[in-house]
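The residues making up each chain are set out below.
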Amino acid sequence: MKYLAIDTTTKVSGLALAEDGRLVGEGFLHTAKTHSERLIPLLDQLLRAAGWGLRDLNFIGVVRGPGSFTGIRIGIASAQGLAAVLKLPLLGVLSLDALAWAGWGRKEEIVPILDARKNEWYAARYRWLADGRLRALSPPRAVSPAVLVRELKGMDGPFVFVGDAVEKYRDFVCRELGEQAILLPDYLGLPRGAFAAQALWRKWRENPRTRGEWVSGEGEERVAPYYIRLSEAEVNWARKHGGGGDG
Amino acid sequence: MSDAKIKCSDAHICILGIETSCDETAAAVLRNGRELLSHVISSQITIHQKYGGVVPEIASREHLLHFQQVVEKAMTEAKLDYGDLDAIAVTYGPGLVGSLLVGVAGAKAIAYAAGVPLIGVNHLEAHICANFLVHPHLAFPCLALLVSGGHTHLILLRGQADYEVLGRTRDDAAGEALDKVARTLGLGYPGGPQVQKAAAAGNAAAFDFPRAMLEPGSLDFSFSGMKSAVLNTLNTARMKGLSLCVPDLAASFQQAVVDVLVRKTLLAVEQTGVKRVLLAGGVAANELLRTTLTRELKERDGRLFFPPPQLCTDNGAMVASAGYYRYLARDFAPWTLNAVPGLNLT
Ligand SMILES: [Zn+2]
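Residues numbered from 1 in each chain as written. Chains lettered and ligands numbered in written order. Predicted model: local features only at pLDDT ≥ 70, side-chain atom pairs only at ≥ 80, totals over all residues. Heavy atoms only, no water.

This paragraph deals with the overall build of chain A. Across its full length, chain A carries eight helices and ten strands. Seen along its three principal axes, the alpha-carbon backbone of chain A occupies a region of about 50 × 45 × 40 Å. The buried share among the 247 residues of chain A stands at 55%. As displayed, chain A offers around 10800 Å² of accessible surface, 50% of which is attributable to carbon and sulfur atoms. Each charge sign in chain A was given a centre, from 34 positive and 29 negative side chains, and these centres are 1 Å apart. (Helix = DSSP H or I, 4+ residues; strand = E, 2+ residues; numbered from the N terminus. Buried < 20%, exposed > 50% of the residue type's maximum accessible area, 1.4 Å probe, protein only. Areas by Shrake-Rupley, 256 points an atom, 1.4 Å probe, with all protein chains shown as cover. Lys, Arg positive; Asp, Glu negative; His and termini not counted. Charge placed at Lys NZ, Arg CZ, Asp CG, Glu CD.)

Here it is as structure tokens:
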């Protein structure tokens, strides 16, 4: 099974070509350019370098959030476009699930943190089990760094932090959690196509049809974007009109 | 555009046009520049209505939710496979950046996977090109009056894709002023059609709103003073406890907007000597504007051309039409094409 993994949920454009979970080629761009400018040229280079054609692919996978709203949409729209023309199944995974692969096999808890702006993180907690399975300990959410760190202080560490918020909050996390925190550097802890490729392969093998993530080439169902947050206008409207918003 | 297959002949050119610049997700397949094989629009109007206007983040989310479905429907209705297409044309500006990016990303992926060229289309040019769908043999030069929620432009077209902007609004677009007045009058969104509907039962001479013509000879527009005058009239009446006749207000305001648009267009005709005029954009569907301009131009041995109403609002057919002429000129976009929210006509 040959597949393409796309992750544009952060400032990194991450692509991977993989076969049965084995990484064949990878593209990583963390430059000032936009996903829109980088994505297809990077894909084109990667396919050429690997000697693969689009027609060799058996499915396409995309990271569907949380992360940058625009990035999520560019990734999904691109994946959908490719899948529609090539008549391939499309599969989605969460950015934080994919990032947990940056800490594969570690004994400590893995805590992916993504910059959610407004002084918040998109975060979740994971643990790698002895049998090689990944267990999610808490669902993805938007949370202030202070709140999450306070929660972690009450638990047994240490915690391995990965994700694009690590650099910006390195001092804060070290100060608050001291030796309880292990912060992976960018080259190990930023989102990468390789991580998405692993998360996707696992999802593929675990019968995606039953996980609600599957889309056939014909497309009755779609890979849904996972924003976590409502838009500002919806939040304000709900506040003004009472109630919790209508989605 | 290294591997994209480009036909040697221009026969049977099929172009998929994609439009997501504002609040319509639209796609259409066009053969040879005039044969519309499909025309699909998914409108978000009802979703934005409760906010009184288009909310950019919600618009972007809605585009992504409907994009794939709209494109697939356009392909199915056209009875074509992606492999039958010769190019993908997509609006890359002006518009809302998040909305544009959904269409641009999707269009690029489709073009890349289908192995056909990508064409970046200027939304304003697309509105003008809606005219060529129904009047394919229009001769140049001609003038275009482009009026929509976001734009009010007077343009001289010397040839296909050869534009000179003669005048533009210095503040509100005509459609924007209509939207704001409609909201104040409680007529709802979008304002243009609502004002037109209310105006039908009103007296256009009931109120005399100012028609800003700016300095002599200028082809620029200004609608903010006119809009303020309506709001002031309303406020003054409210303070006195008077209630005003909404149809009269709507009719008088519509008349003022149309008067300015018509006078400026006729001035452009006079200045350039060009008597063929194209109407384009959402406000081009306005009946009063059409009939007035048609009559005035006829008196001057000129002629007004306009698209049918369903091609005046944002749609994929006009993008495919603009794309067709870019295709003939072999004017293709690189894979690095980005959304340009403030794109101008050049
Ligand atoms: Zn428009």
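Moving on: the pairing of strand β1 (residues 2-7) of chain A. Counted residue by residue, β1 of chain A has five buried out of six residues, so it is predominantly covered. In textbook terms, the turn of a hairpin is the stretch between consecutive antiparallel strands, and for β1 of chain A and strand β2 (residues 13-19) of chain A this stretch comprises five residues. (Pairing = 2+ DSSP bridges.)

Working reference: metal with six octahedral donors, ideal angles 90 or 180 degrees; metal with four tetrahedral donors, ideal angle 109.5 degrees. Residues and elements named next belong to chain B. Those donors, H123 (NE2), H127 (NE2) and D314 (OD), are the protein atoms that reach the zinc ion, and they lie 2.1 Å from it. Positions of the donor residues of the zinc ion, expressed as sequence spacing, correspond to H-x3-H-x186-D. Within this pair, H123 and its partner H127 are both found in helix α4 (residues 123-134), separated by four residues, close to a single helical turn. A single burial state applies to H123 and to H127, both of which are buried. (Donors = N, O, S within 2.8 Å, 3.2 Å for Na, K, Ca; no water.)

Now for the side chain of S231 of chain A. Inspection of the secondary structure puts S231 of chain A in the loop between α7 (193-205) and α8 (232-241). Polar contacts involving the side chain of S231 of chain A include one to the side chain of E234 of chain A, which spans 2.7 Å. When sequence neighbours within four positions are dropped, the list of residues in contact with S231 of chain A reads E57, I58 and R61 of chain B. (Polar contact = N/O pair within 3.5 Å; in protein donor to acceptor, adjacent residues only side chain to side chain. Contact = heavy atoms within 4.5 Å.)

All names here are of chain A. Under the criterion given, the structure shown has 15 aromatic pairs over all chains. Considering the side-chain rings of W101 and W128, the 4.8 Å spacing of their centres and the 75 degrees angle between planes classify their relative orientation as edge-to-face. On the criterion of sequence distance, the pair formed by W101 in the loop between α3 (95-99) and β6 (109-115) and W128 in strand β7 (residues 121-128) is long-range, its members being 27 residues apart. Centre to centre, the rings of Y169 and F172 are 6.3 Å apart; their planes meet at 75 degrees, and the pair counts as edge-to-face. In this pair, Y169 and F172 are both assigned in helix α5 (residues 166-177), three residues apart and thus about one turn of the helix distant. (Phe/Tyr/Trp six-rings, centres within 6.5 Å; stacked < 30°, edge-to-face > 60°.)

This part takes up the sheet that holds strand β2 (residues 24-31) of chain B. Residue and element names in this part refer to chain B. Taking strand neighbours across the sheet as the criterion, the five strands line up as β3-β2-β1-β4-β5 in an open arrangement whose pairing is mixed. Edge positions in the open sheet fall to β3 (35-43) and β5 (118-122), since each of these has one partner strand only. Neighbour-to-neighbour, the strand axes of the sheet open up by a mean angle of 20 degrees, direction not taken into account. In the sheet, strand β4 (residues 87-93) pairs with β5 via five bridges, with the strands oriented parallel. Note that in β5 the partner of I88 across the bridge is L118. Together, β1 (14-19), β2 and β3 form the strand contacts of helix α2 (residues 56-78), whose direction differs from that of β2 by roughly 20 degrees. Each of β1, β4 and β5 touches helix α3 (residues 97-114); the most contacted strand, β4, lies at about 160 degrees to it. (Axes fitted to C-alpha atoms, helices over the stretch in contact; angles between N-to-C directions.)

Residues and elements named next belong to chain B. Scanning the entire structure with this criterion turns up 30 salt bridges over all chains. Note that E215 and R170 form a salt bridge whose closest N and O atoms lie 2.6 Å from each other. With E215 in the loop between α6 (191-199) and α7 (224-239) and R170 in the loop between β8 (162-168) and α5 (174-184), this residue pair connects regions lying 45 residues apart in the sequence. Here R170 falls in the partly exposed class, since its relative accessible area comes to 44%. When salt bridges that share partners are traced, they join D172, E176, K180 and K227 into one network. (Salt bridge = Lys/Arg side-chain N within 4 Å of Asp/Glu carboxyl O.)

On the chain A side, the residues contacting the 31 residues of chain B number 36 residues. Carbon and sulfur atoms make up 61% of the surface buried where chain B meets chain A, a total of about 2900 Å² over both sides. Taken together, the links from chain B to chain A amount to two salt bridges. Residue D81 of chain B is joined to K87 of chain A by a salt bridge in which the shortest nitrogen-to-oxygen separation is 2.8 Å. (Buried area = accessible area lost by both parts, 1.4 Å probe.)

For the rest of this paragraph, the subject is the sheet that holds β1 of chain A. Residue and element names in this part refer to chain A. On the basis of which strands lie adjacent, the open sheet formed by five strands has the order β3-β2-β1-β4-β5 and mixed pairing. The sheet is open, and its two borders are formed by β3 (22-29) and β5 (90-93), each paired with just one other strand. Averaged over all pairs of adjacent strands, the angle between their axes in this sheet comes to 20 degrees, without regard to strand direction. Of the strand pairs in this sheet, β2 and β3 are connected by seven bridges, and their pairing is antiparallel. Note on β3: the bridge partner recorded for L17 is G25. Packing against the sheet, helix α1 (residues 35-50) makes contact with β1, β2 and β3, and its axis sits at approximately 25 degrees to β2.

A few words on the domain arrangement of chain B. Residues and elements named next belong to chain B. When its domains are assigned, chain B resolves into domain 1 (14-129 + 312-328) and domain 2 (139-306). In this assembly, domain 1 packs against domain 2 so that about 1400 Å² is buried in total across both faces, 71% of it on carbon and sulfur atoms. Its largest share of buried area at the contact with domain 2, domain 1 owes to L124, I128 and C312, together 42% of the area lost on that side. In this structure, the connection of domain 1 to domain 2 is made through zero salt bridges. For the interface between domain 1 and domain 2, the tally reads two residue pairs in polar contact (both at pLDDT 80 or more). Elements with a contribution of two residues or more to the side of domain 1 that touches domain 2: α1 (45-49), α4 and α10 (316-328). Split into classes, the residues belonging to the side of domain 1 that touches domain 2 amount to eight nonpolar, five polar and three charged. (Domains from an automatic or database assignment. Nonpolar A, V, L, I, M, F, W, Y, C, P; charged D, E, K, R; others polar.)

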